[in-house]
Amino acid sequence: MVKVATVKYYAQLLFEGFLNSFSQIYFSNGKLLAALLILVTFFDLGASFAGLIAILTNQITALVFHFDHKNIREGTYSYNAAMVGVAIGIFYQFNLSLLVLLVIASVLTFFITIWFFNQLAAKGLPFLSIPFLLVTWLIIIGGKNFSALELQEKAELTLVAFYPLLFENTTNFIATLPFADVLFLYFRSLGAILFQYNDLAGVIIAIGILLNSRISFLLSIYGFVLGFLFYRFMEADFSHLIYSYIGFNFILTAIALGGFFIVASNRSFLLLLFVIPLIALIISGTHGLFQFFGLPLYSLPFNIIVLMVLYALNQRVAVSKLHKVFFQHFSPEKNHYKHFNSVERFSSQTYFNISLPVMGFWRVSQGNNGNITHKDDYRYALDFDVVNTENKTFKGNGQELKDYYCFNLPVIAPASGWVVTLIDGIEDNDINEVNLQQNWGNTVVLKHGDFLFSKLSHLKNGSILVKQGEYIHKGQVIANCGSSGRSPEPHLHFQMQLSPFVGAKTLLHPIDYYLIKTNDSFQFHSFDVPKEQDVVCNIIPTPLLIKAFHFIPGQEIIVITNENKTIKWEVFVNSLNQAYLYCHETNAVAYFVNNGTIFYFTDYYGAKNTMLHHFYKAAHKVLLGYYAGVELNDKLLISDTFNKPLNMLHDFTAPFFHYLTSKYHFSFTSIDNEHSPSEIQFATSVKGNFMQKTIVSSTYQIKINDKNEVEFSLINHPQSFKTILCKSI
Amino acid sequence: MKTKKTYERPLIKSLNSGLMNKFGKRTEWTPLTEIDGVKVVDLLNEYGSPLFVYSEKKIRENYQHAKRVFETRYPKVQFAWSYKTCYLNAVCDVYHQEGSWAEVVSRFEYEKALKNGVPGDKIIFNGPDKTDDDLMLAIKNNSPIHIDHLDELYRLHELASGLTKKPKVAIRVNMDTGIYPMWDRFGFNYENGQAWDAINKIITLNKLDLVGLHTHIGTFMLTPSAYAVAASKMADLAINIKKKYKKSISYIDMGGGFASKNTLKGSYYMGSDTVPDIEEYAEAITSTLINAGFDKDEMPYLYLETGRALVDDAGFLMGTVIANKRLSDGRRATILDFGVNVMFTSFWYDHKISPVEELGYHTEDTTLYGPMCMNIDVVRENISMPPLSPGNHVVAHFVGAYNVTQSMQFISLRPAIVMIDLHGKPHLIKTKETLEGIQRDELVPQHLKTFKL
């Protein structure tokens, strides 16, 4: 017996896939856009019916062969079939033979899709509309062989047949507008993507694109105008553009390269300035050739150019300003905002967390590019020593090693790893003596991963506690600070390198999290390189904070709001090992990371202003070690703070500059007992700024206790609330 | 210009050939003319003689140094200023400004700390003498109470049974660390299982919150390795508490006992040569704790109640020569205006004493006596000093610890105390005792008030 839930699941899967098949054509997964596009295909009933059959066949094929439901849902397999279906439906009269052809054609589309999908994905490329082109051309050529098929002479079941005035009026209205000739071409080109060569379709699609994505809309105009101007400037044959309104290639290419596959920015717009004329060149070059075979060009120029440009971008040695989209959000806006947000938040973050190799506050006596010895190959090294409040490194007259504050202090592993190289037995020098023969002195090199090593040098003779080949844990004491090798006074030399050899050149690598001490205050730094003279210290986590923000997969969190409503959240981990909180009520999802020093949210999907969204904002970045006075700053997406209209307005200029920002601030307020706390409070705020001026702000207060509860409240807002999260054990 | 040379009385000294005699090594003729830039003579002129002087600079330096020494070896360290070592408010406040908590051993000290503005949860309440009232005050203020004996433990359980909040407690543990004498009169013994008995009682009765473990293995400890033994036994307790009861101990308090650079009586070498540096104590304690096997995220705090080693060399006692005389055996003797009544520690140490004025470098063996009319009032039995004349001044070093708190109003009044701040400005932190002040609390029955002589 088939369960109702199963039927519901498949119905939903196919329906969503159906909608997305249309919106994917315009690089989106917007439901509203899909609805408008379907509306446009309904201008020709036959075409819409054919499209439906094609998509359904495609989806059933995918299901029968057990393909990934995610791709079915996203319409990835079926958007080419949708275009094939609509094209055939417009081309031929509807009869049984056509139905058979449709089914066969969409099965073929599916297989071709799978082939191109995987072949190109391996090269990091999309398959665009290649399957559609191949299948449609095949049918156009082969269709002549099938006498059972009849060409559609005059469309009967079309909207234009019933309401011709609607179309006429639209056309007449556009004719009254300035640049009417360009507008006609633009709208018809937009419609042409769905084989609707009329203005009404174009207008509806344009509205759909605008509502769905401001950047796409901007790009569609930008791309089209560029192409148009190129034709005009070159005094090219405009009949190319009018014939099947091939100008849509400009539009598709502009959206694809301007914001969909490449993060929208002034650079992506600049890229289009050069790429769009290439499209024009290809149209001019291939138009005649294809006409000879009676084949329309369709989206061939777009496919060629987009693939070529993306392929070329993949081969770059370095990426500076033109960024490919790594995780596709099906929206140029989301791609843009999330890219720049994560660049700002995480670009300095490294895969391996390297901490300071010492305990307590040490001074960077020579930083990167120091003017004593940190030069050339060794420019990314750090030297550490210990100073008193007067910045002196020794007590007494400093004539003996033991007068130096750092001498004999423990040196710890900056990260877990294996001891790969070990030198011991070199005498510590007298003060001001250097041993140039054994430059590095007693040294330990740790291997943290392939091509990532750390080296600790000038260690005290006989103080090395570890053995060659031993695996040691982060923070483990490995030796004591000394003054062996080229070391006129005791200090620790620390560098990251790519090879296990003593004397290997240094690698620029940040320290994960540390505090800088200035007078009596501490400054928090993450993934940064300490500067010369900085007095730095590792962060010591507070067990209570770690426990409060330790969300275990499978754990349920009961959220009790001040109206005594309860909401259930649950902790999950996806296949990429990313942990997230899932709200059972709103289906919202908030991704988070807890690395033992910092808890932070990375992303949020779902409705705004839900409890989970508030928590995502309130605890956007939390320091897990209590330090009074330490402040953390971070950024959120502007969509986290501003309402929809402001956001949409901002989208138009977003590729070029951001006049809206949302900023996060964190600081501790109180602790009931510094050493065995049972309650810690901190305050956070999220501010939405217009230029420099704050126009929206939320202030949160968060209280954690030793009973596994997190209480958080919004305090400065008309909708202020107090909510308690209770974690199951 | 011709300056008049200082007159120095002639002295006859026997010449010893061969090895230097025991006085010869400790010739104290280098004068100490100023402290932190302030002339000793000026201080004496302004505040009278004798006079205690504390150097704020030295106190801060000592504290910062000790803190650095421990914090660069162990991630979580907290010092608590041992009030009994020196509870002058000004001195305590310097430590509190530097971040030190308070460690007290009586209600009087407890209230002193509270009045100084130390939050209750940052006052460690030690000692064998705590009344119910004292305990209730400490519980109310959330102070960690270090339990000394089972009777105190029972009292606390009774007091805690009526409360909603569990009092924070630690037990004091005594143990054999290989040194003599073994301090077993305080706390619960480790070796014979008393400590475990107390721990089991506290945790199973579940009325008190066992947050820490405390030990204090002795005083003026010259063997740092004893601290390694103590730390390892404390860590063993903490780790086994975690194992047995799944309870993490928040701190291990290693007490005090670090020696200062003073010279113990009867010691052949000078303290500055034989006393271990604070680094050595730190090394012994921290390397033991780090390697004890604590869970990385649950390393206990290391509490230290260091007193003497932080303050001894920040205190000076200066005074004036009253007279010279010759004893029956021909030895020289000099009488000073301060004695054991204000410098109690001269029973323990051979204090370094420097002249203030530039005197010659010829020295003679002498005995320094205090001003009291008591035979015991000996400041230094034997010292080799340049010939001192009445009116000359001297300064006793390393008197910062225990002298102010143990000084007596005996025969004479206690002197004023001055602290020199970081900018070299002296501040009077305690005025010289007055007759009125001493008699303020005295009551005379009416029938004794009149008499005829």
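Residues numbered from 1 in each chain as written. Chains lettered and ligands numbered in written order. Predicted model: local features only at pLDDT ≥ 70, side-chain atom pairs only at ≥ 80, totals over all residues.

## Observations regarding the overall build of chain A
Step number 1: For chain A, the count of helices and strands is 20 helices and 25 strands.
Step number 2: Overall, chain A is about 105 × 65 × 60 Å in size when its C-alpha atoms are taken along their principal axes.
Step number 3: Relative to its full complement of 729 residues, chain A shows a buried share of 44%. (Helix = DSSP H or I, 4+ residues; strand = E, 2+ residues; numbered from the N terminus. Buried ≥ 20, exposed ≤ 12 C-beta atoms within 10 Å, placed from the backbone.)

## Thoughts on the sheet that holds strand β20 (residues 631-636) of chain A
All names here are of chain A.
Step number 1: Overall, antiparallel pairing links the twelve strands, which are arranged β19-β18-β17-β16-β15-β14-β25-β24-β23-β22-β21-β20 in an open sheet. Only two strands of the sheet have a single partner each, and these edge strands are β19 (621-623) and β20. If you compare each strand with its neighbour and ignore which way they point, the axes differ by 20° on average.
Step number 2: In this structure, strand β23 (residues 693-705) lies alongside strand β24 (residues 709-714), joined through five bridges in antiparallel fashion. Across the sheet, Gln701 pairs through a bridge with Ser713, a residue of β24. (Pairing = 2+ DSSP bridges. Axes fitted to C-alpha atoms, helices over the stretch in contact; angles between N-to-C directions.)

## A short note on the environment of A:Ala256
Residues and elements named next belong to chain A.
Step number 1: Mapped onto the secondary structure, Ala256 falls in helix α14 (residues 248-260).
Step number 2: Accessibility expressed as a C-beta count within 10 Å gives 27 for Ala256, which makes it buried.
Step number 3: Here the alpha-carbon distance between Ala256 and Ser216, two residues 40 residues apart in the chain, equals 8.8 Å.
Step number 4: In contact with Ala256, other than residues within four places in its own chain, are Phe27, Phe261 and Val306. (Contact = placed C-beta atoms within 7 Å.)

## Quick notes on the pairing of strand β6 (residues 452-459) of chain A
Residue and element names in this part refer to chain A.
Step number 1: Counted residue by residue, β6 has eight buried out of eight residues, so it is predominantly covered.
Step number 2: Where strand β5 (residues 442-449) meets β6, six bridges bridge the pair, whose relative direction is antiparallel. Bridged to Leu446 within β6 is Ser454.
Step number 3: Hairpin connection between β5 and β6: a loop of two residues separates the two successive antiparallel strands, and Phe451 in this loop has a positive phi of roughly 65°.
Step number 4: Relative to strand β9 (residues 492-497), β6 runs antiparallel, the two sharing five bridges. Residue pairing across strands places Ser457 opposite His493, the latter belonging to β9.

## Some remarks on the pairing of strand β4 (residues 77-82) of chain B
Residue and element names in this part refer to chain B.
Step number 1: Across the six residues of β4, six count as buried, placing the element largely inside the fold.
Step number 2: Note that β4 and strand β12 (residues 301-304) share three bridges and pair parallel. Considered in β12, the bridge of Val77 is made with Leu302.
Step number 3: Relative to strand β5 (residues 101-104), β4 runs parallel, the two sharing three bridges. What sits directly across from Trp81, in β5, is Ala102.
Step number 4: The parallel pair β4 and β5 is bridged by helix α3 (residues 89-97), and the resulting crossover is right-handed. (Right-handed = clockwise from strand over helix to strand, strands pointing away.)

## Considering the interface of chain B and chain A
Step number 1: Contact residues are listed per partner, giving 19 residues for chain B and 19 residues for chain A.
Step number 2: It is helix α2 (residues 56-71) of chain B that provides the largest number of residues to the side of chain B that touches chain A, a total of four residues.
Step number 3: Taken together, the residues of the side of chain B that touches chain A break down into six nonpolar, five polar and eight charged. (Nonpolar A, V, L, I, M, F, W, Y, C, P; charged D, E, K, R; others polar.)

## Regarding the packing of helix α5 (residues 79-91) of chain A against helix α6 (residues 96-121) of chain A
All names here are of chain A.
Step number 1: Put simply, α5 and α6 touch, their axes get as near as 9 Å, and they point 150° apart. Taken together, the axes of α5 and α6 are roughly antiparallel relative to one another. Crossing of α5 against α6: the hand is right-handed. Two secondary-structure elements touch here, α5 through Asn80, Ala81, Val84, Gly85 and Ile88 and α6 through Leu98, Leu101, Leu102, Ala105, Ser106, Thr109, Phe110 and Thr113.
Step number 2: Considered class by class, the residues forming the contact of α5 with α6 number eight nonpolar, five polar and no charged. (Parallel < 35°, antiparallel > 145°, perpendicular 65-115°, else oblique. Left-handed = near helix turned anticlockwise from the far one by under 90°.)

## Structural notes on the domain arrangement of chain A
All names here are of chain A.
Step number 1: Split by domain assignment, chain A resolves into domain 1 (1-159), domain 2 (362-538) and domain 3 (543-727).
Step number 2: Each partner contributes to the interface: domain 2 provides six residues, whereas domain 3 provides eight residues.
Step number 3: Listing elements by their share of the side of domain 2 that touches domain 3, those giving two or more residues are β11 (511-518) and β12 (521-528).
Step number 4: Counted by class, the side of domain 2 that touches domain 3 contains four nonpolar, two polar and no charged residues. (Domains from an automatic or database assignment.)

## Overview of the domain arrangement of chain B
Residues and elements named next belong to chain B.
Step number 1: Splitting chain B by domain gives domain 1 (24-54 + 313-433) and domain 2 (56-312).
Step number 2: Summarising the inter-unit geometry, the C-alpha centres of domain 1 and domain 2 are found 33 Å apart.
Step number 3: With 23 residues of domain 1 at the contact, the number on the domain 2 side is 23 residues.
Step number 4: Those elements that provide at least two residues to the side of domain 1 that touches domain 2 are α12 (403-406), β19 (416-420) and β20 (426-430).
Step number 5: Among the elements that make up the side of domain 1 that touches domain 2, the one with the highest residue count is β19 (three residues).
Step number 6: Residue composition of the side of domain 1 that touches domain 2, by class: 13 nonpolar, four polar and six charged.

## Looking at the confidence of the model for chain B
Step number 1: For chain B, the mean per-residue pLDDT works out to 92, and 96% of the residues sit at or above 70.
Step number 2: Confidence estimates for the predicted assembly give a pTM of 0.86 and an ipTM of 0.86. (pLDDT = per-residue confidence, 0-100.)

## Here we look at the environment of A:Tyr311
Residues and elements named next belong to chain A.
Step number 1: By the secondary structure assignment, Tyr311 is in helix α16 (residues 300-314).
Step number 2: Sequence separation between Tyr311 and Leu120 is 191 residues; the distance between their C-alpha atoms is 9.9 Å.
Step number 3: Those residues within four positions of Tyr311 in sequence are excluded, and the remaining contacts are Lys123 and Leu125.

## A look at the nonpolar core
As a rule of thumb, nonpolar side chains are buried together in soluble globular proteins.
Step number 1: If you look at the biggest cluster of nonpolar residues, it comprises 209 residues, and the most contacted ones within it are A:Val444, A:Ile478, B:Val53, B:Ile252, B:Ile285 and B:Leu302.
Step number 2: For this core, the element with the highest residue contribution is helix α8 (residues 225-245) of chain B, accounting for ten residues.
Step number 3: Residues in contact with B:Val53, not counting those within four places in the same chain, are B:Ile35, B:Leu43, B:Phe316, B:Met318, B:Val418 and B:Ile420.
Step number 4: Core analysis: the second largest hydrophobic core is formed by 102 residues, A:Val40, A:Ile53, A:Met83 and A:Leu219 among them. (Core = buried A, V, L, I, M, F, W, Y, C linked by C-beta atoms within 7 Å.)

## Observations regarding unusual backbone geometry
Step number 1: The omega angle of the peptide bond from B:Ser49 to B:Pro50 is -5°, so this bond is cis rather than trans.
Step number 2: Relative to the helices and strands, B:Pro50 resides in the loop between α1 (40-47) and β3 (51-55).
Step number 3: Here the residue pair B:Tyr180 and B:Pro181 is connected by a cis peptide bond, since its omega of -5° sits within 30 degrees of zero.
Step number 4: Note on placement: B:Pro181 falls in the loop between β8 (168-174) and β9 (188-189).
Step number 5: For A:Phe195, which is not glycine, the phi dihedral falls at a positive 60°.
Step number 6: At B:Asn142, a residue that is not glycine, the phi angle is positive and equals roughly 65°.
Step number 7: Considering the arrangement of structural elements, one finds B:Asn142 in the loop between α5 (132-140) and β7 (145-147).
Step number 8: The partly exposed category is assigned to B:Asn142, around which 16 C-beta atoms lie within 10 Å.

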